[in-house]
Amino acid sequence: MTSRGEAGVAAFRAKLLAGMTLVVLAMTLSGLYLAERSVTAETQHDLRLAFTSELGLLRTVRYIRHGALAERCRTLVRKPRIHAALEDGALDLLYPSAKDELGNALRADEVLDDAVQRVSVRPRFYRFIDNAGAVIPPVNAPEVGALTPEEERQLAFASVPQSQQNGFLVTPDDDIVELIATPIVSTETGDAIAALVAGFPVATNDRPQAGLQSGLWKDGRLRMTTLSEPSRARLEKEVAAVIAKDEEAGARGVPVKVDDAEQMLFVERLNPGSMFPPAYEVGIFPLAVLLKRQ
């Protein structure tokens, strides 16, 4: 009896030990699971914070820069001799008058400078648009800036714009120029009788260490010089899919893989409602550091 009793106690202790082991194991696994979820949530939060911070800075700089350029154009179209040439129908005097009225302003080489971007606000070129939306060709006026016939065609509208329009032009050398078309309003009728279209160099990113790379999507093509051609072509397909499917999601950020590295992609239209063709800012933000931490 004594042997049986001892055997029973030993069996009971073995079962108890096994049960306690299972309980400890279950608690450990639960702890690891909760810890993993906590780290994942924290990593995702840090990722979103870093991404939205960089994106917010980029948007703020873009907004301030565009506002300064747009206001400069509104000031230029108020010049009295330009109004006189247009309202009197003396179009042959338009560009000569503009040379005198706009000359000093357009030659000024102010620079918008901030923590992210530097850009000259001197236009690369300008043209006038008539009341039908067509470009008024300059004659013997090298100061207006050289354009090819195809580039000049891209400045025209179906009708004269009634409000300021924003767009982008890509040169044959793949340079990107920001276009601002500002209506010229008659002092007599209050109607738009013409427009001034000025082309400005785009800003450059002076903070490459932040990791955010940006480019322009226009006419179905992505211009992002920081990427290799194969990577650019692959990302181009991703951007096309985002634009076709959900632009709102693109503006918030969509995870993608570029050069076998996890990135956050954002796609945002730069000129909603514009009479110019749609153009999108495209950016990718690396996730490698945060994913490694996770």
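Reading guide: rules and limits
- Residues numbered from 1 in each chain as written.
- Predicted model: local features only at pLDDT ≥ 70, side-chain atom pairs only at ≥ 80, totals over all residues.
- Heavy atoms only, no water.
- Helix = DSSP H or I, 4+ residues; strand = E, 2+ residues; numbered from the N terminus.
- Buried < 20%, exposed > 50% of the residue type's maximum accessible area, 1.4 Å probe, protein only.
- Contact = heavy atoms within 4.5 Å.
- Salt bridge = Lys/Arg side-chain N within 4 Å of Asp/Glu carboxyl O.
- Arc of directions from axis to C-beta.
- Pairing = 2+ DSSP bridges.
- Axes fitted to C-alpha atoms, helices over the stretch in contact; angles between N-to-C directions.

S.K.: Just to check I follow, could you spell out the environment of L270 for this structure?
M.R.: Counting through the fold element by element, L270 comes out in the loop between β12 (261–269) and β13 (279–286). Of the residues examined, L270 reaches a relative accessible area of 16% and is grouped as buried. When neighbours within four sequence positions are excluded, L270 is seen to be in contact with R62, N166, F168, L216, A279, Y280 and E281.

S.K.: Which parts of the structure should I look at to understand the pattern of salt bridges?
M.R.: As a working rule, side chains carrying opposite charge can pair if their charged atoms are close by. For the structure on display, the rule yields nine salt bridges. D219 is paired through a salt bridge with K218; the nearest N and O atoms lie 2.8 Å apart. On the basis of relative accessible area, K218 is assigned to the buried category, the value being 2%.

S.K.: Explain unusual backbone geometry to me, please; I cannot follow it from the model alone.
M.R.: Outside of glycine, negative phi angles account for most residues, and trans bonds account for most peptide bonds. One non-glycine residue, N140, lies in the positive phi region at around 50°. Inspection of the secondary structure assignment puts N140 in the loop between β4 (135–136) and α4 (149–153). Its relative accessible area of 75% is what places N140 among the exposed residues. Not every positive phi belongs to a glycine, and D219 is a case in point at roughly 55°. Residue class for D219 comes out exposed when judged on its relative accessible area of 59%.

S.K.: I tried to follow helix α2 (residues 80–87) on my own but got confused; where do I start?
M.R.: Three- or four-residue spacings in an α-helix give side chains the same orientation, since the helix completes a turn every 3.6 residues. Taken residue by residue, α2 has I82, H83, A85 and L86 as its buried positions. Along α2, the residues classed as buried sweep out an arc of 165° about the axis, all on the same side. One or two residues past the end of α2 sits G89, with phi positive at roughly 75°.

S.K.: Sorry if this is basic, but what is going on with the sheet that holds β13 here?
M.R.: Hydrogen bonds along the backbone pair up the strands of a sheet, which may run parallel or antiparallel. Strand order in the open sheet made by the five strands is β10-β9-β13-β12-β11, with antiparallel pairing throughout. The open sheet is flanked by β10 (221–223) and β11 (254–258), the only strands paired with a single partner. For this sheet the average axis-to-axis angle between neighbouring strands, irrespective of direction, equals 35°.

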